Amino acid sequence: MPENQSGRSDSAKLKVAVLKKRRDFLALRNSPKTGAPAFLMAARRNPEAGDGVRVGLTVTKKLGGAVQRNRIRRRLRAAVREVFPFHAEAGKDYVLIARSAAHSRKYAAILDDVKQALLRLAKDHK
RNA sequence: CCAGACGGUCGGACGGUCGCUCCCCUUAAGGGAGAGGAAAGUCCGGGCUCCAUGGAAACACGGCGCCGGGUAACGCCCGGCCGGUCGACCCCCGGGUCGGCUGAGGGAAAGCGCCACAGAGACGAUACCGCCCCGUUUCGGGGCAAGGGUGAAAAGGUGCGGUAAGAGCGCACCGCCGCGCCAGCAAUGGAGCGGGCAGGGCAAGCCCCGCCGGGAGCAAGACCGAAUAGGGACGGUGCGUCCUGCCGACGCUGCGGCUGAGGAAGGACAGGCGGGUUUCCGCGCCUUUAGCCAGCGCGCUAUGCGCCGUCCGGGUUGGUUGCUUGAGGCCGUGCGCGAGCGCGCGCCCCAGAGGAAUGGCCGUCCCUUCUCUUCGAAGGACAGAACCCGGCUUACAGACCGUCUGGCUUU
RNA sequence: GCGGGCGUAGCUCAGGGGUAGAGCAUCACCUUGCCAAGGUGAGGGUCGUGCGUUCGAAUCGCAUCGCCCGCU
């Protein structure tokens, strides 16, 4: 896999869990954010995340009907699955808020966006 | 062959790789299944579950409405009747036949209400322009409702006769009303006889008649139940009070006082009457008539608060279930014009998530658009299951099939 | 899942079968040295969309689109 060159090795992959509770999403509202053409990313250190990370997706009704929203959610989830195990910070909660460009932007570009956003958030937090 | 209308069917195909949800099997591996015709809107009808295990009637409210059939049921579907409209043909100008499309299509001799403007007159109404007769012909009296005009609608239509002019005044055809007859399960139709003809429209206005409907909805409902907090019972223990205090579903006195239709704080912290109303029958459950205060009587030796332990009840996050085998699909066959129904001991099992799976990338083919010489580039209609069925409605690129209509070509 | 409401002038709203209206805003004129206020007048409407009932629909019925709200 080329994605692990600047990140962890295969053996050190992080476990990625799903963020489910509404209060966890609300807690992320005032956390540091960074933007990308296809989404907005917020992160927050949370002991409940444990060794891995937890990720939640937000796709609002403003972005379209159920078909459009499903497609956006699936593309973002595929990107998260590829990038997060190697570049995310352990013990953190992440939330990605989708924007309308997530529907038509090239998948390779989204992969790069996710990676850059993770690096930016890690640097800001120091 | 092309175009249009209507109806029906389908609605991208195959493969590689990395993943997701469920099921099977398992040490691991592995195998199988995985969105729609509308899954949508939530407009109807049911199943299922709860509302206490109920029953009956009336009222209110809501819905439906030609007839027959289909169905678990329907406001759906099928067939028929009648009406409207379009086309073709027949034909004595009126009508008939066939075909397509279409109709929320009971009742206006139960009652109430509305019918603006225009117009002379608009609901059981009317004589403006007129027509005709008579008279002292600018005018008056009488007769008429055929013609003009208004209007959505003006008291049957057309023709002939008739008349002073007219009029169902008379006649023929059509329409209308009544009567029985025939055909049909019925809606309705047919011919006959009689009557010269009788005033409308709106019920998607109130309403009348007939029929139907108890309410809520899988976040229904059932089960298991952590930590913490809190409730109850019992036991132990410490302290306070017994000049007392406290309790009582004990009683009395006080036209006593204060508070009371609330405030503050905290909390998941148990609650109330019983289907929209009424009546009748029958039944279950809860509560004790606001509390505090003062005094008296009676009763009790305890009682209150804190801590510890055991048990019990409630039930939150959460988990399990309901949850997918069903008015099921396919094939064959019989009945029926059809919607559909029956049969086979025929074949099949076909999504079951819960911040919610069916996705990412790549290749070949099929379409569409662009460039148009190729190479090539972009894209794939409408749209995503959430308890399950039957319908309706709405959205939809393109392909195919059938019926009808029109055009062109050929024989 | 269940239920309710609203779409009318640029804005806020009346009108519930018979010619579409009010206030504010806009424009013009009067008034003033100028502006504001005031006065007079004018323009501005697919009544969200479609189909139907009716002689006639913003109004009645059905469907549809958009927005808002409540309960669980």
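So, here's what we can say about the structure. (Residues numbered from 1 in each chain as written. Chains lettered and ligands numbered in written order. Predicted model: local features only at pLDDT ≥ 70, side-chain atom pairs only at ≥ 80, totals over all residues. Heavy atoms only, no water.)

### Quick word on the overall build of chain A
We apply this condition: We count a stretch as a helix when DSSP gives it H or I for four or more residues in a row; a strand needs E for two or more, and each element gets its number in order from the N terminus. Burial classes: relative accessible area under 20% of the type maximum marks a residue as buried, over 50% as exposed, and values in between as partly exposed (1.4 Å probe, protein chains only). A contact between two residues is defined here by any heavy atoms of the two lying within 4.5 Å. Methods summary: accessible areas were calculated by the Shrake-Rupley approach with a probe of 1.4 Å, and residue burial reflects only the protein chains presented.
Each helix and strand counted, chain A has three helices and five strands in total. Tracing chain A from N to C terminus, the helices and strands come up as β-α-β-β-β-α-β-α. Across the 126 residues that make up chain A, the buried fraction comes to 40%. Sequence separation of 24 or more characterises 83% of the internal contacts of chain A that already satisfy a separation of 6 or more. Entry remark: accessible area of chain A is about 7400 Å², with carbon and sulfur atoms responsible for 50%.

### Description of the sheet that holds strand β4 (residues 53-58)
Rules: Note: two strands are recorded as paired if DSSP finds a minimum of 2 bridges between them. The angle between two axes is taken between their N-to-C directions and runs from 0 to 180 degrees, where each axis is a line fitted to C-alpha atoms and a helix contributes only its stretch in contact.
Ordered in space as β1-β4-β5-β3-β2, the five strands form an open sheet in which the pairing is mixed. The sheet is open, and its two edges are formed by β1 (16-18) and β2 (33-35), each paired on a single side. In this sheet, neighbouring strand axes are inclined to one another by 25 degrees on average, regardless of whether the strands run parallel or antiparallel. The pairing of β2 with strand β3 (residues 39-45) spans three bridges and is classified as antiparallel. Residue pairing for β3: G35 is matched across the bridge by L40. Of the strands in this sheet, β1, β3, β4 and β5 (92-98) are in contact with helix α2 (residues 66-87), which crosses β4 at around 160 degrees.

### What to know about the protein's contact with RNA strand B
To be explicit about the condition: Neighbouring residues are identified by heavy atoms, a residue being near a molecule or strand if any of them is within 4 Å of it. Definition of a polar contact: a pair of N or O atoms within 3.5 Å, with one able to donate and the other able to accept a hydrogen when the atoms are protein atoms, and with sequence-neighbouring residues admitted only if both atoms are side-chain atoms. The nonpolar class holds Ala, Val, Leu, Ile, Met, Phe, Trp, Tyr, Cys and Pro. Asp, Glu, Lys and Arg form the charged class, and all remaining residues, Gly among them, are polar.
Within the structure, RNA strand B sits among 18 residues, and L19, F25, N70, R71 and R73 are positioned closest to it. Sugar plus phosphate, as a fraction of atoms of RNA strand B within 4 Å of the protein: 58%. Measuring from a base nitrogen of RNA strand B, one finds a backbone N or O atom of L57 at 3.4 Å. A distance of 3.3 Å is found between a sugar or linking oxygen of RNA strand B and a side-chain nitrogen or oxygen belonging to R81. Only α1 (22-27), β4 and α2 provide two or more residues apiece to the surface near RNA strand B. Among the elements that take part in the surface near RNA strand B, α2 stands out by supplying ten residues, more than any other. Grouping the constituent residues of the surface near RNA strand B by class yields eight nonpolar, two polar and eight charged.

### Here's the deal with the nonpolar core
Keep this limit in mind: In plain words, nonpolar cores are sets of buried Ala, Val, Leu, Ile, Met, Phe, Trp, Tyr and Cys residues tied together by side-chain atoms within 4.5 Å.
Among the nonpolar cores identified, the biggest contains 27 residues, and F39, M41, F84, Y94, V114 and L118 are the most heavily contacted of them. Sorting the residues of this core by element identifies β3, β4, α2, β5 and α3 (107-125) as the ones contributing at least two each.

### Focus on the environment of G64
Within the fold, G64 resides in the loop between β4 and α2. Accessibility expressed as a relative area gives 27% for G64, which makes it partly exposed. C-alpha separation for the pair G64 and F39, spaced 25 residues apart in sequence, amounts to 15 Å.

These figures capture arrangement, not role.
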